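Descriptive structure summary
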Amino acid sequence: MTTEPNQSPYYITTPIYYVNDRPHIGHCYTTLLADVASRAQRLIGRDTFFLTGTDEHAEKVVNSAHEHDMTPMEWATHNATRFKDAFAQMNFSNDDFVRTTEDRHITRASAAIKKLMDQGDIELGDYEGWYDPSQEEYLTDTVAKEHDFKSPVTGKPLEKRVEQNYFFNLPKYEPWLRDQIESGAIKVLPEQRKNEVLGRLKQGLNRVPVSRRIKEDTPDWGITMPGDPDHRVYVWIEALCNYHTTIDTDDRRKYWTGDVVHLMAKDILWFHAVIWPAMLHALGERPPTLVYAHAYWIAEGQKMSKSLGNFIEIDTLGAYADTFSLDAVRWYLATQGPLGATDSDFAHARFVDVYNADLANSLGNSVSRVGNMIDKYFNGALDRTCNGEFGFEGGKALQLALKAREDANKPVDDPTRTFNFNEFTTNAVNRAINAYDDLDLESALRAGLDIVKHVDDFISYSAPFTLAKRVDDLEHADKALATILYSCAEALRIATLLLAPAMPSKSAQIWRDWNCTHLTDPADPNAAFVAPLRELAKWTGDHSIKPNQHINKGDTLFMRANPSDPAPEAAAPANA
Ligand code: ME8
């Protein structure tokens, strides 16, 4: 399938994270997925905007600030900085980082709430309900009862709260929501989550409280309800507005016209798939095009929790990056994480298995073998290209390679196999582009690794090291060898393009070693690409390996890991 890739703008968001605590693997994971998706869309050639940030007006921020002897603003700034630092450490390429305490957010979020009030979508009313203070949300009676009046997420007791509140008239939008989600106008993925949302919509909707009344004993923290100084906007309602408020500027508004993708874990899907689209619709804005809710990371088989103290912290990820490289950590998280509907385990043994299988023994080994052979047999530069089907004037490369094997008494089982690298790599590129549309990052990245495996398979089959021994006595053996090695190198070049969204630094390292012209600044792995993916990935195209292009052996990309070595450990974080 070679449909032209979608060229509309691409806008992807992560949840904005609470600043009551420091970042952990869960926050890094969602943001990594958004990073990989953004890097991929930029590579495909789309005008892309990637937003992340922090959600600061929650009551729990006030409480934990108090425990740390800081004002809410000081504590929020302290933790927002930790998130920013963590995301820089992970080499995330976000285009902006929004904090909900910034004026640009407060002004625009207030304007949105005011508009909803003016047009009667938000009204004052009485409310009595079960409030989950740890999650800052009201639960329905049914859900509260089902969980024995404890938080379904943290297990802490729910509070019965009676308040006069402002409410958003969500029930009014039920038929519209159902139609949007059923028809796929708002795509909710994975499919299982979509069915859950539709199931819950069928049970009927309640009005959504959008404010809390300030009490004498509560610190004043939050955005004032327009026209009512006694109320603060309920944190969730203003937080959701960030997706729109941050790009509500002349140069960014275009990002709301193409694909608008909200990414999060399953815990907060309802807010993103139901409440937020209804608010947008009420405001006369388009809803998001894709709402994707992944599952959870757990640690060594156990749910991560504060009481167990088993969160995989950013510092632990940092320790893994020091030992195995940052790109290896990014690869493990992106390909082994809970992207679908089931939770994933961060277990050291599994990390080492995946690292060795995918990176040390596959990508790293393949790049090093091909580089070494080109160095050894051709002084680091090939004098020819290959059309991807192994023909050259005067003979057939693969047939000569098989003859050399036969002569060396190492014949292959099936001498009729054909390899068409041009076709194989083109298919892999198309598969990756299609997979990125549905945020199927694992399949997209696998498409890159499949090329590497195909090269490995081809090397075992064509045995260039056997052919190399015959360059003096077998006619055209030198040409056949160059053709074979060219094909391996060119295929690996294309593979690294597909792997680059997850492993930008390692890919850039290979391109530097091999003198490939993919980036506007070869020294900077985060530089822009010189052309869109389809052009870069063309077999013997403008950006392909050229005759006499120097292929340096380069340093080892991924040292093989010893499974019996202990897991890397981080020092305990300061100022917990
Ligand atoms: O909910 N596995 O913020 P939050 C995978 N401020 N992802 C995880 C995870 C885990 N174990 N734990 C957390 C909020 N996450 C609100 C959002 S948006 C307008 C407001 C990730 O700090 C995942 O993305 O509790 C989850 O949805 C998010 O962190 C919750 O972050």
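Structure's up top.
Predicted model, so just to flag it, every value in this text is computed and none were measured.

Next up on the list: the packing of aromatic side chains. How two aromatic rings sit relative to each other is given by the distance of their centres and the angle of their planes. Evaluated as defined, the whole model comprises 34 aromatic pairs. With 5.1 Å between their ring centres and 35° between their planes, Phe49 and Tyr255 make a pair best called tilted. Of this pair, Phe49 sits in strand E2 (residues 48–55) while Tyr255 sits in the loop between helix H8 (235–245) and strand E12 (259–265), placing them 206 residues apart in sequence. Tyr255 matches Phe49 in its accessibility class, with the two residues each being buried. Their ring planes at 50° and their centres at 4.6 Å tell us that Trp130 and Phe149 sit as a pair that is tilted. Taken together, the residues Trp130 in strand E4 (residues 122–132) and Phe149 in the loop between helix H5 (141–146) and strand E6 (159–168) connect sequence positions 19 residues apart. Residue class for Phe149 comes out partly exposed when judged on its relative accessible area of 30%. The side chain of Arg200 reaches across the aromatic face of Trp270, ending 3.8 Å from its centre. Across from the ring centre of Phe558, 4.9 Å away, lies the NZ or CZ of Lys506, which sits over that ring.

Let's shift gears to the environment of Ser368. The topology assignment puts Ser368 in helix H12 (residues 348–378). In this structure, the C-alpha to C-alpha distance between Ser368 and Ile510, residues 142 residues apart in sequence, is 9.8 Å.

With that settled, the discussion passes to the site of the ligand. Taken together, 23 residues sit near the ligand, with Ile16, Tyr18, Thr30, Asp55 and Trp297 positioned nearest. One of the backbone N or O atoms of Tyr18 is found 3.0 Å from an oxygen atom in the ligand. Within the side chain of Thr30, a nitrogen or oxygen atom sits 2.7 Å from an oxygen atom of the ligand. When the free accessible area of the ligand is taken as 670 Å², the share hidden by the protein chains comes to 92%. For the shell around the ligand, a count of residues per class yields 15 nonpolar, six polar and two charged.

So, on to helix H15 (residues 441–462). Spanning 22 residues, H15 covers 32 Å between terminal C-alpha atoms, matching the ideal 32 Å at 1.5 Å per step. Looking one or two places after H15, you find Ala463, whose phi comes out positive at around 45°.

This part is about the pattern of salt bridges. All told, the structure shown has 35 salt bridges when counted by the stated rule. Of the charged contacts in the structure, one is a salt bridge between Asp96 and Arg104, with a shortest N-O distance of 2.7 Å. Taking relative accessible area as the criterion, Asp96 reaches 13% and is therefore assigned buried. Notably, a salt bridge pairs Asp248 with Arg108, separated by 3.7 Å at the nearest N-O pair. Of this pair, Asp248 sits in the loop between H8 and E12 while Arg108 is found in helix H4 (residues 103–118), placing the two residues 140 residues apart along the sequence. What makes Asp248 partly exposed here is its relative accessible area of 24%. Three or more residues joined by partner-sharing salt bridges are found here, namely Glu59, Glu159, Arg161 and Arg212.

Turning next to the sheet that holds strand E8 (residues 208–209). Backbone hydrogen bonds are what pair the strands of a sheet, in a parallel or an antiparallel way. If you walk across this open sheet you meet the four strands as E5-E4-E6-E8, and the pairing is antiparallel. Whereas interior strands pair on both sides, the edge strands pair on one side only; in this sheet they are strand E5 (137–139) and E8. Across two bridges, E6 lies against E8 in antiparallel orientation. Pairing of Phe167 across the sheet is with Pro209, part of E8.

Right, let's talk about the sheet that holds strand E1 (residues 10–18) for a bit. Spatially, E3-E2-E1-E12-E13-E7 is the arrangement adopted by the six strands of the open sheet, whose pairing is parallel. What marks the edges here is a single partner per strand, and that holds for strand E3 (96–99) and strand E7 (187–189). The average undirected angle you get between the axes of adjacent strands in this sheet is 20°. Relative to E12, E1 is paired through four bridges, and the arrangement is parallel. The residue of E12 that forms the bridge with Ile12 is Val261.

Turning our attention to the nonpolar core. Residues Leu333, Phe346, Leu439 and Trp514 are the most contacted members of the largest nonpolar core, which totals 123 residues. The greatest single-element share of this core, amounting to 16 residues, is contributed by helix H17 (residues 477–499). With 71 residues, the next largest nonpolar core counts Val233, Val235, Val260 and Ala278 among its residues.

Attention shifts here to the pairing of strand E13 (residues 290–294). With five of five residues buried, E13 is to be regarded as a mostly interior element. Of the two faces of E13, the one carrying Leu290, Tyr292 and His294 and the one carrying Val291 and Ala293 are both buried. Sheet analysis places E7 next to E13, joined by three bridges and oriented parallel. From the neighbouring strand, Leu189 faces E13, where its bridge partner is Tyr292.

Successive side chains on a regular strand alternate, one facing one side of the sheet and the next facing the other. Counting buried residues in E12 gives seven out of seven residues, a clear majority hidden from the surface. With five bridges joining them, E12 and E13 adopt parallel strand pairing. Counted as the bridge partner of Leu263 is Tyr292 from E13. Traced from E12 through helix H9 (residues 269–282) to E13, the parallel crossover comes out right-handed.

With that settled, the discussion passes to the side chain of Lys194. With respect to the element layout, Lys194 can be found in helix H7 (residues 191–202). Once you skip the residues sitting within four places of it in the chain, Lys194 turns out to touch Ile181, Glu182 and Val188.

This brings us to the packing of helix H13 (residues 397–407) against H17. At a minimum axis separation of 9 Å, H13 and H17 run at an interaxial angle of 110°. The angle between H13 and H17 falls in the class roughly perpendicular. Relative to H17, the crossing made by H13 is left-handed. Within the contact between the two elements, H13 uses Ala397, Leu400 and Ala401 and H17 uses Ala477, Ala480, Thr483 and Ile484. Considered class by class, the residues forming the contact of H13 with H17 number six nonpolar, one polar and no charged.

One can find Thr52 in strand E2. Considering only alpha carbons, one finds Thr52 and Phe558, 506 residues apart in sequence, at a separation of 30 Å. Polar contacts involving the side chain of Thr52 include one to the side chain of Thr14, which spans 2.7 Å.

How each quantity is defined
- Residues numbered from 1 in each chain as written.
- Predicted model: local features only at pLDDT ≥ 70, side-chain atom pairs only at ≥ 80, totals over all residues.
- Heavy atoms only, no water.
- Phe/Tyr/Trp six-rings, centres within 6.5 Å; stacked < 30°, edge-to-face > 60°.
- Helix = DSSP H or I, 4+ residues; strand = E, 2+ residues; numbered from the N terminus.
- Buried < 20%, exposed > 50% of the residue type's maximum accessible area, 1.4 Å probe, protein only.
- Lys NZ or Arg CZ within 6 Å of the ring centre and 35° of its normal.
- Near = heavy atom within 4 Å.
- Polar contact = N/O pair within 3.5 Å; in protein donor to acceptor, adjacent residues only side chain to side chain.
- Areas by Shrake-Rupley, 256 points an atom, 1.4 Å probe, with all protein chains shown as cover.
- Nonpolar A, V, L, I, M, F, W, Y, C, P; charged D, E, K, R; others polar.
- Expected span 1.5 Å × (residues − 1).
- Salt bridge = Lys/Arg side-chain N within 4 Å of Asp/Glu carboxyl O.
- Pairing = 2+ DSSP bridges.
- Axes fitted to C-alpha atoms, helices over the stretch in contact; angles between N-to-C directions.
- Core = buried A, V, L, I, M, F, W, Y, C linked by side-chain atoms within 4.5 Å.
- Right-handed = clockwise from strand over helix to strand, strands pointing away.
- Contact = heavy atoms within 4.5 Å.
- Parallel < 35°, antiparallel > 145°, perpendicular 65-115°, else oblique.
- Left-handed = near helix turned anticlockwise from the far one by under 90°.

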